[in-house]
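# Architecture at a glance
Okay, here's what each chain looks like letter by letter:
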Amino acid sequence: MQMTTIIQMSKQTVNTSKLENPHSVLQPKISLLFYHFSDLKFLPIVSPLHKLYLKMSNEAMDVPKTGFSFDLCRRNEMLTKKGLKSPGYLKTGTTIVGLIFENGVILGADTRATEGPIVADKNCEKIHYMAPNIYCCGAGTAADTEAVTDNISSQLKLHRYHTGRESRVVTALTLLKSHLFRYQGHVSAALVLGGVDVTGPHLHTIYPHGSTDTLPFATMGSGSLAAMAIFESEYREGLTRDEGVNLVTKAICSGIFNDLGSGSNVDVCVIEKGKKEYLRNHLTPNPRTYISSKGYTFSKKTEVLLTKITPLKELVDVVPVGGDAMEE
Amino acid sequence: MPSEQKLGSAIVDTVFANMVSSQNESSLLSSEGDSQRTQYPYVTGTSVIGIKYKDGILMAADMGGSYGSTIRYKSVERLKQVGKHSLIGASGEISDFQEILRYLDELILHDSMWDDGNSLGPKEVHNYLTRVLYNRRNKFDPLWNSLVLGGVKNGQKYLGSVSMIGVHFEDDHVATGFGNHLARPILREEWREDLTFEEGVKLLEKCMRNLLYRDRSAVNKLQIAKITEEGLTISQPYSLKTFWNFAAFKNPTVGAEGSW
């Protein structure tokens, strides 16, 4: 069966290696008109991989361009308008908090990961390791927060090897914000970054578009307002470690019980000069109740619950009338 | 006779068709002839918080009227008395609140004209408001308000809330607007049945301070109203103390001068 669609391509041949800014190269314009199944070169281009094949056939492989390629955004928009459902993603729908106490930083997070209205992961970890003295809580798309924090964590490790010194929080901050700004908000990661380095304890929030704040106490995620209500009314400077942990737990619980996107347990991470404590599931205020200790057994046949025989009784005596009853 | 029946049905059909076609022309949601419908609010008040305490009801609201993103009016009284036993607080469109006050005025007037020694209590007023708001919403012409209604009658405390679509409920503590997100967690944590007047005021001030920090349309000028079996008092406007002296606010770039 031959599909009568041919691709018409108009390509501007610019040598990318000579250009100073390879980002300014115009992408090949493809208008989908016809294509033949037989010829690989004329398949409808729907992914960068196909473009790569075409490029390879026409010019030498040059250095892949850095930065986000926005080429497919118009096509995706057009498809969504025509009714194509784009794939869903796992959002964390979260409460994450951080505060500075007298000796360092305390971070807290809930443990629910949602996929729309469904709880996808009841006990996920939202406090990510960045460096031995720096941890980062992430809200937003789970894949984005994981990937971004892992990436910057690797970069920090390499930097530590290079400099021979402990990582500083502002280093992690700058790496994260530059990364997120370059992706113009498409990497949906809202982070609370905290740590203690030679210059003291630091706490920052980073928004998906790349802006940052330096704060004494911070909350992010869908439960941020509920948690912020607790912080604004009860935070003061110079809290002790126990007071700090209690306040963080209280704020996360406020998010868990007052916000639908947050739930399950409370994770806490205390970072002080020279040491850190990662308290996974520090509080579990939502245990499974009413579990049958004997377990459930289901018989393999249909169970007979009740046998009752009711004889049919005639309510009306049918008296046959002379002749047919249906005649007029 | 069949022929007559057919004629009759034909007439009915044409009449019905005309009706349907004219309905389609000026359809239910057209805007040519219905320019009176409320599409969006103009001058709005922000949240109202109400709690039950030992002797009655306490309610707090600030005095701001925002016109979009500017704070246009700073002396709007959003807490008002209704009859002998009730207190109403409103957030949302101020002109619709004034209209509601006129309806309530008429209601109370007609009630007192009966002169029967009985007067409408908070539960009745709440029910009346619910009906009014719900019916307006059904006509796609809502009164753009979220109301808090509280009062004491015959020793019974009552605190309820109605929204612009007619959602109504009764509870020990209610909040409208941003108060739902910022005040309700605090109230859920710290409200008790036997709050004294001072404790109640402190709790309300805690919530209002929170709103002042985190709601962009809040102003630092608020009134607190108290209603008990004896009667109603609305306080004079006053402002809350705020704290801005955190080290991170004063010097956010410590250890990394020049960063942002």
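Attention here is on the structure that accompanies the text. (Residues numbered from 1 in each chain as written. Chains lettered and ligands numbered in written order. Predicted model: local features only at pLDDT ≥ 70, side-chain atom pairs only at ≥ 80, totals over all residues. Heavy atoms only, no water.)

In this section: the overall build of chain B. A tally of helices and strands in chain B yields seven helices and 13 strands. Residues classed as buried in chain B amount to 41% of the 260 residues present. The long-range share in chain B, meaning contacts at least 24 apart out of those at least 6 apart in sequence, stands at 64%. Within the structure as shown, chain B displays about 14800 Å² of accessible surface, and the carbon and sulfur contribution to it stands at 53%. (Helix = DSSP H or I, 4+ residues; strand = E, 2+ residues; numbered from the N terminus. Buried < 20%, exposed > 50% of the residue type's maximum accessible area, 1.4 Å probe, protein only. Contact = heavy atoms within 4.5 Å. Areas by Shrake-Rupley, 256 points an atom, 1.4 Å probe, with all protein chains shown as cover.)

Residue and element names in this part refer to chain B. The strand order across the open sheet built from five strands is 11-2-3-12-13, with neighbouring strands paired in antiparallel fashion. Two strands close off the open sheet at either side, each with one partner strand: strand 11 (173-175) and strand 13 (232-234). Pairs of neighbouring strands in the sheet enclose a mean axial angle of 10°, with direction left out of account. Here three bridges tie strand 2 (residues 48-52) to strand 11, and the two strands are oriented antiparallel to one another. Bridge pairing in strand 11 links I51 to H173. Each of strand 2, strand 3 (56-62) and strand 12 (222-228) is contacted by helix 6 (residues 197-214), which is oriented at about 25° to strand 3, the strand it contacts most. (Pairing = 2+ DSSP bridges. Axes fitted to C-alpha atoms, helices over the stretch in contact; angles between N-to-C directions.)

Across all of its chains, the model carries 11 aromatic pairs over all chains by this definition. Ring geometry for F217 of chain A and F246 of chain B: centres 5.5 Å apart, planes at 80°, overall edge-to-face. Taken together, the positions of F217 of chain A in strand 12 (residues 217-220) and F246 of chain B in the loop between strand 13 and helix 7 (247-250) put the pair across two chains. Each of the two residues, F217 of chain A as well as F246 of chain B, counts as buried. Ring centres 5.5 Å apart and planes at 50° place the aromatic pair Y235 of chain A and F246 of chain B in the tilted group. Of the two residues, Y235 of chain A is situated in the loop between helix 5 (224-234) and helix 6 (241-258) and F246 of chain B in the loop between strand 13 and helix 7; the pairing between them involves two chains. Here Y235 of chain A falls in the buried class, since its relative accessible area comes to 9%. Through a chain of ring-to-ring contacts, the aromatic side chains of F217, F231 and Y235 of chain A together with F243, F246 and F249 of chain B assemble into a single cluster. (Phe/Tyr/Trp six-rings, centres within 6.5 Å; stacked < 30°, edge-to-face > 60°.)

For the coordinates displayed, the defined rule picks out 19 salt bridges over all chains. With a shortest N-O distance of 3.9 Å, K206 of chain B and E234 of chain A are connected by a salt bridge. On the criterion of chain membership, the pair formed by K206 of chain B in helix 6 and E234 of chain A in helix 5 is interchain, its members lying in two chains. Looking at E234 of chain A, the relative accessible area reads 24%, which means it is partly exposed. One salt bridge connects D267 of chain A with R280 of chain A, and the closest N-O pair in it is separated by 2.6 Å. Remark: R280 of chain A occurs in strand 14 (residues 275-283) and D267 of chain A occurs in strand 13 (residues 266-272); sequence separation between them is 13 residues. Accessibility expressed as a relative area gives 0% for D267 of chain A, which makes it buried. (Salt bridge = Lys/Arg side-chain N within 4 Å of Asp/Glu carboxyl O.)

For the rest of this paragraph, the subject is helix 6 of chain B. Spanning 18 residues, helix 6 of chain B covers 26 Å between terminal C-alpha atoms, matching the ideal 26 Å at 1.5 Å per step. Turning to helix 6 of chain B, its buried residues are G200, V201, L203, L204, E205, K206, C207, M208, N210, L211, L212 and Y213 of chain B. Looking at the buried residues of helix 6 of chain B, the elements they touch are helix 5 of chain A together with strand 2, strand 3, helix 4 (179-182), helix 5 (184-190) and strand 12 of chain B. (Expected span 1.5 Å × (residues − 1).)

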